[in-house]
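Read off the chains here:
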Amino acid sequence: MELGISTFVETTPDVQTGETISHAERLREVVEEIVLAEQVGLDVYGVGEHHRHDYAASSPAVVLAAAASLTSKIRLTSAVMILSSADPVRVFQDFATLDGISNGRAEIMIGRGSFTESFPLFGYDLKDYEELFNEKLELLLAIQKSEKVTWSGKHRAAIDNLGIYPRPVQDPLPIWIGSAGSPESAIRTGSLGLPFVLAIIGNVLPLDYATHVQLYKKAAAEAGYDISNLPIASHSHGFIAETNELALEKFFPSTHARTNVRAKEKGTPPYHRSDYDAACSFDGALYVGDPETVANKIIHLRKHVGITRFFLHVPHGTMPHDDVMKAIRLLGTEVAPRVREEVSRWEASNR
């Protein structure tokens, strides 16, 4: 059972002060967070790609490479790369470079993305949303499998027996597919035999995602893959403090503000404290509380949904850097040991 952190490197106004951190300062903070995550024994750190004023990481591989030179064990992944509006050749090259710098610790997590700013920025039409992703995934997987590639498609120039360099330390370089929870994504990912990441966020019940895992495994088995070797991850917002009460109160202001910004953009109902409290309950999608509470929720997810990796997404919006660092420390030193011990015991008893 692996545990880690994910971030979108947000630069939203601080709810308490109204001040907005600069992109440069937030990027430096994230590198510090990755270094700490390794020091406290976490397994993985993920950085998401965005192209907006309120996010600082348009190039996750560059951020992760900065941390690679300061770490030696923690795995470094995108979370996610928006493959539909990217060039698969360049994505592979960037992460193969990261893999070399980190000596085999890079991963690529790809997805369609819930934000669409990158499409007009890089000259793509949203009407091609599905077609772009499928075509570019095909090319990325071809590059993963072979040093020299011959490929042609509709939305990119053809490649005729050309080499793609550098080659990564890992063979193959891991490619995960992230999904917000559509059954179609689960089935498609399983049929390709790729690692799967579930974004368990919003007003959802995490245990409902067990059906997506079942669909994923069924499709993988039917395609001839050994499902015992396929990792499954989840990604959820959350925060850890010394007590449940402190965690709930510290995480609410930025979560409330950030969620309502997105609600206004998407035209969905406003987010209230009652929504937050429900999501923080044992059955809810927010992993907020003291170490014991958060550990128990992760263990419950492992046992009933089947995940093998858990990403705690923190912060959500802008929070004090010291609070984020404390949450990372608690995840590594208090939550992770509890989870690993119980999961190991439970797995041994079910063999």
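Remember, it's a predicted structure, so these values are computed and weren't measured experimentally.

Parameters and conventions
Residues numbered from 1 in each chain as written. Predicted model: local features only at pLDDT ≥ 70, side-chain atom pairs only at ≥ 80, totals over all residues. Heavy atoms only, no water. Helix = DSSP H or I, 4+ residues; strand = E, 2+ residues; numbered from the N terminus. Buried < 20%, exposed > 50% of the residue type's maximum accessible area, 1.4 Å probe, protein only. Pairing = 2+ DSSP bridges. Expected span 1.5 Å × (residues − 1). Contact = heavy atoms within 4.5 Å. Phe/Tyr/Trp six-rings, centres within 6.5 Å; stacked < 30°, edge-to-face > 60°. Core = buried A, V, L, I, M, F, W, Y, C linked by side-chain atoms within 4.5 Å. Salt bridge = Lys/Arg side-chain N within 4 Å of Asp/Glu carboxyl O. Right-handed = clockwise from strand over helix to strand, strands pointing away. Axes fitted to C-alpha atoms, helices over the stretch in contact; angles between N-to-C directions. Parallel < 35°, antiparallel > 145°, perpendicular 65-115°, else oblique. Left-handed = near helix turned anticlockwise from the far one by under 90°. Nonpolar A, V, L, I, M, F, W, Y, C, P; charged D, E, K, R; others polar.

Undergrad: A description of the environment of Ile-74 should follow, citing residues and the corresponding values.
TA: Among the secondary structure elements, Ile-74 is positioned in the loop between α2 (60-68) and β3 (75-78). Each C-alpha atom, one on Ile-74 and one on Val-44, is 5.3 Å from the other, the two residues being 30 residues apart in sequence.

Undergrad: Let's hear about the pairing of strand β6 (residues 148-151): which residues, and what values?
TA: Taking every second residue as pointing to the same face, the buried face of β6 carries Val-149 and Trp-151, while none of Lys-148 and Thr-150 on the other face is buried. Sheet topology note: the β6/strand β7 (residues 159-163) ladder contains three bridges and is antiparallel. By the bridge assignment, Val-149 is partnered in β7 with Leu-162.

Undergrad: Residue-level account of helix α7 (residues 210-222), with values.
TA: The end-to-end C-alpha separation of α7 is 18 Å, in line with the 18 Å expected for 13 residues at 1.5 Å each. Taken together, the buried positions of α7 are occupied by Ala-210, His-212, Val-213, Tyr-216, Ala-219 and Ala-220. Residues of α7 that are buried in the fold lie against α6 (183-192), β9 (196-199), β10 (232-240) and α10 (291-305). Gly-224 sits one or two positions beyond α7 and adopts a positive phi of about 95°.

Undergrad: Any details on the packing of aromatic side chains? Residues and values, ideally.
TA: For the structure shown, the criterion picks out seven aromatic pairs. Note on Phe-196 and Tyr-216: the rings are 4.9 Å apart at their centroids and 25° apart in plane angle, and the pair reads as stacked. Linking Phe-196 in strand β9 with Tyr-216 in helix α7, this pair joins segments that are 20 residues apart in sequence. Each of the two residues, Phe-196 as well as Tyr-216, counts as buried. Pairing Phe-239 with Phe-251 gives two aromatic rings, centres 5.9 Å apart and planes at 5°, and the pair type is stacked.

Undergrad: An account of the nonpolar core is needed here, citing residue identities and associated values.
TA: Counting 93 residues, the largest nonpolar core has Leu-42, Phe-95, Ile-110 and Val-335 as the members making the most contacts within it. No other element matches helix α11 (residues 321-349), which puts ten residues into this core. Leave out the neighbours within four places in its chain, and Ile-110 touches Val-80, Met-81, Leu-83, Phe-133, Leu-137, Leu-140, Ile-175, Trp-176, Ile-177 and Gly-178. In terms of nonpolar packing, the next biggest core, distinct from the first, is built from eight residues, Val-80, Trp-176, Ala-233 and Phe-311 among them.

Undergrad: Hey, could you go over the environment of Gly-190 for me, with residue numbers and the actual values?
TA: Mapping Gly-190 onto the fold places it in helix α6. Each C-alpha atom, one on Gly-190 and one on Gly-163, is 28 Å from the other, the two residues being 27 residues apart in sequence. The contact partners of Gly-190, leaving out residues within four places of it in the chain, are Tyr-216, Ala-219, Ala-220 and Tyr-225.

Undergrad: Please give an account of the pattern of salt bridges that cites residues and values.
TA: As enumerated under the stated definition, the model contains 25 salt bridges in all. Between Arg-52 and Glu-117 there is a salt bridge, with the nearest N and O atoms lying 3.2 Å from each other. Of this pair, Arg-52 sits in the loop between β2 (44-47) and α2 while Glu-117 is found in the loop between β5 (106-111) and α4 (118-121), placing the two residues 65 residues apart along the sequence. Classification of Glu-117 as partly exposed rests on a relative accessible area of 30%. Shared partners join several salt bridges into a network, and the residues in it are Glu-10, Arg-52, Asp-54, Glu-117, Arg-258, Arg-262 and Glu-265.

Undergrad: Account for the pairing of β3, with residues named and values stated.
TA: In β3, alternate side chains face the same way, and those of Arg-75 and Thr-77 on one face and Leu-76 and Ser-78 on the other are all buried. Pairing of β2 with β3, which is carried by four bridges, proceeds in the parallel orientation. Bridge pairing in β3 places Val-47 opposite Ser-78. In this fold, the crossover linking β2 to β3 by way of α2 has right-handed handedness. As paired elements, β3 and β5 share two bridges and run parallel to each other. Along β5, the bridge assignment pairs Leu-76 with Ala-106.

Undergrad: Can you break down the environment of His-237 residue by residue, with the values?
TA: Mapped onto the elements of the fold, His-237 is located in strand β10. For the pair His-237 and Ile-227, spaced ten residues apart in the sequence, the C-alpha separation amounts to 27 Å. Look past the residues within four positions of His-237 in its chain and what remains in contact with it is Ile-201, Phe-251, Ala-285, Leu-286, Tyr-287, Leu-312, His-313 and His-316.

Undergrad: Any details on the packing of helix α1 (residues 23-39) against α11? Residues and values, ideally.
TA: In contact at an axis separation of 9 Å, α1 and α11 are set at 20° when each is read in the N-to-C sense. Here α1 is positioned roughly parallel relative to α11, judged by the angle of their axes. Considering only the axes of α1 and α11, their crossing is right-handed. Judged by residue contacts, Glu-29, Glu-32, Glu-33, Leu-36 and Ala-37 of α1 engage His-321, Val-324, Met-325, Ile-328 and Arg-329 from α11. Considered class by class, the residues forming the contact of α1 with α11 number five nonpolar, one polar and four charged.

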